[in-house]
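For reference, the chains in residue letters:
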Amino acid sequence: MLTWSDHFSVKIESVDIQHKKLFELLNLLPENVTEGVCRQAPIDAILTELMAYAGQHFVDEELLMQHHHLDPRHINVHRMEHKSFIYDIQNMQEHLYSEEEVGDIAEKLVSFITSWLIYHILGIDRIMAAQIFAIHHGATPEQAYEARHAVNYDAATTHLMLDSVLDLWHLSMDRCHKLEAKLAAVTAAKHPK
Ligand SMILES: [Fe+2]
C-alpha cells in the first residue's frame, strides 16, 4: 500500500493530482494478489487502466517540460525513464500468467511499480519541478539544469528513496537469477552430459 504524503509533492498541482491517481490505481492491485493467489480478471483490468493513465501522465509531463523549455538533456533522460517503465511493465505482464509462480510474479510487479513510482517522483520528477521553478524565477534552462542537484532532501525522503532503490535492485537481481537458471536449463538440454 502506497500512501500519499507531502514528501511526494513536487509542488506542481497538476502533477501531484496525477501522481495521487497513480497511487490510487496501484493500491487496487494488492487486494487481488494475496498469498500466492492472483485474480487475473481484476488484475488485468487494473493494470490496463494504470498503464493507460501512466502513459497519459508521462505525455503530460513531457509536454510540461517542453512548455517550460527545460534543458533537452533533462527531457531526454526523463523521457527514457518513462519509456523504460512502460517496457518493464509490459514485459512483466506478458509473463504474469505464463509461469509457475503466478502469485510471486504478481507480488513482484506490485513491488516494482511501488518502488519505481517512489524513486521516480522523489528523484527525477522533483528535479524537473526544481528546474521549472528556477526558469520561472529567471534562470536560463542551462543554468537550471546545471543547478539540478541542489534539490534538498530531508532524512525521511532520503530514507524513502534508498528503500525504493534497494527494492528495485533486489527485484532486478531476482530477474537476473531467473534468467541465468533458464539459460542453464536450455544449455543443459542442448548439450546433455
Ligand atoms: Fe516523470
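Each remark here, short or long, concerns the structure printed above.
Residues numbered from 1 in each chain as written. Predicted model: local features only at pLDDT ≥ 70, side-chain atom pairs only at ≥ 80, totals over all residues. Heavy atoms only, no water.

**Student:** Which residues make up the packing of aromatic side chains, and what are the values?
**Tutor:** Counted by the stated rule, this structure contains 7 aromatic pairs. The interplanar angle of 35° and the centroid separation of 4.2 Å between the aromatic rings of Phe85 and Trp116 together place this pair among those described as tilted. Here the residue Phe85 occupies a position in helix 3 (residues 72–94), and Trp116 occupies one in helix 4 (residues 102–136), the gap between them amounting to 31 residues. Connected via pairs of aromatic rings, a cluster forms that spans Phe58, Phe85, Phe112 and Trp116. (Phe/Tyr/Trp six-rings, centres within 6.5 Å; stacked < 30°, edge-to-face > 60°. Helix = DSSP H or I, 4+ residues; strand = E, 2+ residues; numbered from the N terminus.)

**Student:** An account of the coordination of the iron ion is needed here, citing residue identities and associated values.
**Tutor:** Four donors placed tetrahedrally about a metal ideally form angles of 109.5 degrees, and six donors placed octahedrally ideally form angles of 90 or 180 degrees. With distances of 2.0 to 2.4 Å, the protein atoms coordinating the iron ion are Glu61 (OE), His78 (NE2), His82 (NE2), His120 (NE2) and Asp125 (OD). All donors of the iron ion belong to a single chain; written as a sequence motif, their spacing is E-x16-H-x3-H-x37-H-x4-D. With Glu61 in helix 2 (residues 40–67) and Asp125 in helix 4, the pair connects residues that are 64 residues apart, well separated along the chain. (Donors = N, O, S within 2.8 Å, 3.2 Å for Na, K, Ca; no water.)

**Student:** Can you break down the packing of helix 1 (residues 13–26) against helix 2 residue by residue, with the values?
**Tutor:** Packing of helix 1 against helix 2 brings their axes to within 10 Å, and their N-to-C directions diverge by 165°. Between helix 1 and helix 2, the interaxial angle falls into the category roughly antiparallel. For the pair helix 1 and helix 2, the sense of crossing is left-handed. In this structure, helix 1 contributes Val15, Ile17, Gln18, His19, Lys21, Leu22, Leu25 and Leu26 to the contact, and helix 2 contributes Ile46, Glu49, Leu50, Tyr53, Ala54, His57, Asp60, Glu61 and Leu64. Classifying every residue of the contact of helix 1 with helix 2 by side-chain character gives 10 nonpolar, 3 polar and 4 charged. (Axes fitted to C-alpha atoms, helices over the stretch in contact; angles between N-to-C directions. Parallel < 35°, antiparallel > 145°, perpendicular 65-115°, else oblique. Left-handed = near helix turned anticlockwise from the far one by under 90°. Contact = heavy atoms within 4.5 Å. Nonpolar A, V, L, I, M, F, W, Y, C, P; charged D, E, K, R; others polar.)

**Student:** Give me the nonpolar core: which residues, what numbers.
**Tutor:** Within the largest apolar cluster, 46 residues are counted, with the highest numbers of intra-cluster contacts made by Leu29, Leu47, Phe85, Phe112, Ile113 and Leu117. Elements with a minimum of two residues in this core: helix 1, helix 2, helix 3, helix 4 and helix 6 (155–190). At 15 residues, helix 4 tops the list of elements feeding residues into this core. (Core = buried A, V, L, I, M, F, W, Y, C linked by side-chain atoms within 4.5 Å. Buried < 20%, exposed > 50% of the residue type's maximum accessible area, 1.4 Å probe, protein only.)

**Student:** Let's hear about unusual backbone geometry: which residues, and what values?
**Tutor:** At Lys11, a residue that is not glycine, the phi angle is positive and equals roughly 65°. Mapping Lys11 onto the fold places it in the segment before helix 1. Look at His69: it is not a glycine, yet its phi comes out positive at around 55°. Here His69 lies in the loop between helix 2 and helix 3. Assessed through its relative accessible area of 57%, His69 is described here as exposed.

**Student:** Kindly report on helix 1, identifying the contributing residues and their values.
**Tutor:** Because each turn of an α-helix spans 3.6 residues, side chains separated by three or four positions end up pointing in the same direction. Across its 14 residues, helix 1 extends 20 Å between first and last C-alpha, which sits within 8% of the 20 Å expected from 1.5 Å per residue. Turning to helix 1, its buried residues are Val15, Asp16, Gln18, His19, Leu22, Phe23, Leu25 and Leu26. (Expected span 1.5 Å × (residues − 1).)

**Student:** So, the side chain of His120: which residues are in play, and what are the values?
**Tutor:** Inspection of the secondary structure assignment puts His120 in helix 4. Those residues in contact with His120, other than ones at most four positions away along the chain, are Glu61, His78, Glu81, His82 and Asp125.

**Student:** I'd love a proper account of the pattern of salt bridges, names of residues and values included.
**Tutor:** This model, assessed by the stated rule, comprises 6 salt bridges. In this structure, Glu146 engages Arg73 in a salt bridge whose closest nitrogen and oxygen atoms are separated by 3.4 Å. Placement of Glu146 in helix 5 (residues 141–146) and of Arg73 in helix 3 is noted, with a sequence separation of 73 residues between them. With relative accessibility at 48%, the residue Glu146 sits in the partly exposed group. Judged by its relative accessible area of 35%, Arg73 falls in the partly exposed class. (Salt bridge = Lys/Arg side-chain N within 4 Å of Asp/Glu carboxyl O.)

Scope: geometric values only; no functional claims are made or implied.
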